[in-house]
Each structure stands twice: as C-alpha cells, then as structure tokens.
Amino acid sequence: ALVDRSPDYGDDEVLDLGAWVGAKVVHIGKGKGEVLQDMGDVDLGDPDTLAGFLKAGIEAYPADHYGLIISDHGASWPGVGPDETSDGDTLELQEIKAGIAGGLADTDVDKLDLLGFDACLMATYEVAGTLAPLADRMIASSELEPGHGWDYAAVGTVADDGATVDELGKAIVDGFLAQAQDNETDADVTLAELDLTRMDDVEAAMGTLTDALVDRAASVSPVVGRTLADNPGYGR
C-alpha cells in the first residue's frame, strides 16, 4: 500500500508503525506493517505516482492475478482526491487511466483482474467506460460511502484461500455491507462489482439510445422520462 498522510490527519497510529506525515510504501500483514520505502512528500494527484507504484508492485510481487484499490474522496468523472499537501491536486479520471496504463506498460500484465474504488460516487457509466480496457472487474459505490470504508480483514481472509476474482469481489462487497450494518451506516450503501468486459455492449446500447434521442427527441424523450421515474437513481 502507498499511504500518503496529511499533517491534519497524521496523528493517528497505523498498525504497529506509529504516526507519520507524508508518503510511505507499506507491506501490510495481519495487524502489522513493514515500511518498504519512505517517499516523503509526493503528489498523489500525479498519474506518474500511480504508475510508478503499480509497476513497482508488479515487479516486486509477481502473481497470477493483480488488483488495484484506490482509496480517497471520490467524485465520479472528476476523479479521486485531492492531495491536500500538493495544492489540492486531484487524480482526474483520465489521469487514473493514464496512471494505470503507464504502470502496466513495461510489464507483462495486459490488464488488472480487479480495480476497486474505496471512495464515493465512482460507480458511474463514465468511470466504467473509461477504465474498462484496463480491468476485467470494477468495485465501486454509486452513493456516498460511510467514513469507515471497506473491511479489509474480509478481503484478506478470502484472498488467502485462493479466491477467484468474483469470489474476492463478493467478499469485498459482503464485508463492506456487514461492517456498515454493524456501524448502523448501511442506509444508503451501494457497493457493487461491475463486469467491465460487458462495457462494449453497454456502449453499443448507449449509442442506439443517443441516436434515437438525436433523431426523434420529441417522441423518445417522454419514454425516457417515464422509464427514469420508474427506476432507482443514485448519487444525486
């Protein structure tokens, strides 16, 4: 994990590593951590930072399957962040794409098995469509997430048993829901695993819809309006 801590939130201890400010690369075990690199003040809104972390992780920990989880404030297409010690620099959606693509570029990994956002509002059409070439699955929330975020203990337990990507995804979603229920913060939780390999079908269907809206707006728009009224909406 690459953990970058703001001076405003750096007093809390992390695992057995104490408190710190700035960025460290940490190997996380069960209840303990090992600092692999002290990076000082870095800009997590810079896609090169993401690319370097991803490439280094793949090279240092070769595996059959790879996942990446990004945790911070989320805002859908505006991206993730901001980095409070780098003038509020945000990792925008196209920069997330560039960072992941750059991290994979010089490795033998074509795409991630799993891309997760422990962040608010990232389960949108724009995010999924932009990042679909880089991952098979995406886990994200349509609504705001509670402050406690995901339950990573649940993730580690199933990963130790050699889970498939969908078994791991289910454990993440189920663990998040159970933790939210325990904290009574589950009123609006919407975390879901999305199959990004189906985004080409979604794009084709969206193209058909938008063509109809352009060509026949007067007759199609009322149908769209009635459909929206009868279906749930998120992140409003």
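The rules behind each value
Residues numbered from 1 in each chain as written. Predicted model: local features only at pLDDT ≥ 70, side-chain atom pairs only at ≥ 80, totals over all residues. Heavy atoms only, no water. Helix = DSSP H or I, 4+ residues; strand = E, 2+ residues; numbered from the N terminus. Rg over C-alpha atoms; globule rule 2.2 N^0.38 Å. Buried < 20%, exposed > 50% of the residue type's maximum accessible area, 1.4 Å probe, protein only. Contact = heavy atoms within 4.5 Å. Areas by Shrake-Rupley, 256 points an atom, 1.4 Å probe, with all protein chains shown as cover. Lys, Arg positive; Asp, Glu negative; His and termini not counted. Charge placed at Lys NZ, Arg CZ, Asp CG, Glu CD. Core = buried A, V, L, I, M, F, W, Y, C linked by side-chain atoms within 4.5 Å. Axes fitted to C-alpha atoms, helices over the stretch in contact; angles between N-to-C directions. Parallel < 35°, antiparallel > 145°, perpendicular 65-115°, else oblique. Nonpolar A, V, L, I, M, F, W, Y, C, P; charged D, E, K, R; others polar. Phe/Tyr/Trp six-rings, centres within 6.5 Å; stacked < 30°, edge-to-face > 60°. Lys NZ or Arg CZ within 6 Å of the ring centre and 35° of its normal. Left-handed = near helix turned anticlockwise from the far one by under 90°. Polar contact = N/O pair within 3.5 Å; in protein donor to acceptor, adjacent residues only side chain to side chain. Salt bridge = Lys/Arg side-chain N within 4 Å of Asp/Glu carboxyl O.

A. Structural context of the overall build of the protein chain. On a plain count of helices and strands, the protein chain comes out with 7 helices and 9 strands. Compactness check: the protein chain gives a C-alpha radius of gyration of 19 Å against a globular reference of 18 Å for 236 residues, within 12% of the reference. Dimensions along the principal axes, computed over C-alpha positions, put the protein chain at roughly 60 × 45 × 40 Å. Within the protein chain, the fraction of its 236 residues that count as buried is 36%. Of the contacts formed within the protein chain by residues at least 6 apart in sequence, a portion of 57% connects residues at least 24 apart. Of the roughly 13300 Å² of accessible surface on the protein chain, 51% is carried by carbon and sulfur atoms. Charge centroids of the protein chain, computed over 13 positive and 48 negative side chains, lie 7 Å from each other.

B. Geometry of the nonpolar core. Counting 29 residues, the largest nonpolar core has Ile96, Ile100, Leu112, Leu115, Phe117, Met122 and Leu131 as its most contacted members. Sorting the residues of this core by element identifies α1 (47-60), β4 (67-71), α2 (93-105), β7 (112-118), α3 (125-131) and β8 (135-141) as the ones contributing at least two each. No other element matches α2, which puts 4 residues into this core. Residues within four places of leucine 112 in sequence aside, it is in contact with Leu54, Tyr66, Leu68, Ile100, Leu104, Leu134, Ala135 and Asp136.

C. Layout of the packing of helix α6 (residues 199-215) against helix α7 (residues 217-229). Taken N-terminus to C-terminus, the directions of α6 and α7 make an angle of 130 degrees; their axes are 6 Å apart at the nearest point. Relative to α7, the element α6 is oriented oblique. Along the contact surface, α6 presents Leu209, Ala212, Leu213 and Asp215, while α7 presents Ala217, Val220, Ser221 and Val224. In terms of residue class, the contact of α6 with α7 is built from 6 nonpolar, 1 polar and 1 charged.

D. Representation of the packing of aromatic side chains. Scanning the entire structure with this criterion turns up 1 aromatic pair. Over the aromatic face of tryptophan 20 sits the side chain of arginine 5, whose NZ or CZ is 5.2 Å from the ring centroid.

E. The arrangement of the packing of helix α4 (residues 152-160) against helix α5 (residues 165-182) in detail. The N-to-C vectors of α4 and α5 enclose an angle of 155 degrees; their axes lie 8 Å apart at closest approach. Comparing the axis directions of α4 and α5 gives the class roughly antiparallel. Two packed elements cross with a definite hand, and for α4 against α5 that hand is right-handed. Here Ala154, Val155, Val158 and Ala159 of α4 lie close against α5, whose contacting residues are Glu167, Leu168, Ala171, Ile172 and Gly175. For the contact of α4 with α5, a count of residues per class yields 7 nonpolar, 1 polar and 1 charged.

F. Seen up close, the side chain of arginine 137. Residue placement: arginine 137 occurs in strand β8. The class for arginine 137 is buried, based on a relative accessible area of 15%. At 2.8 Å, the side chain of arginine 137 forms a polar contact with the side chain of aspartate 166.

G. The arrangement of the pattern of salt bridges in detail. Across all of its chains, the model carries 7 salt bridges by this definition. The salt bridge involving aspartate 195 is made with arginine 137; its shortest N-O contact spans 3.1 Å. On the criterion of sequence distance, the pair formed by aspartate 195 in strand β9 (residues 191-195) and arginine 137 in strand β8 is long-range, its members being 58 residues apart. For arginine 198, the salt bridge identified is with aspartate 201, shortest N-O distance 3.0 Å. The network of salt bridges with shared partners includes Arg137, Asp166 and Asp195.

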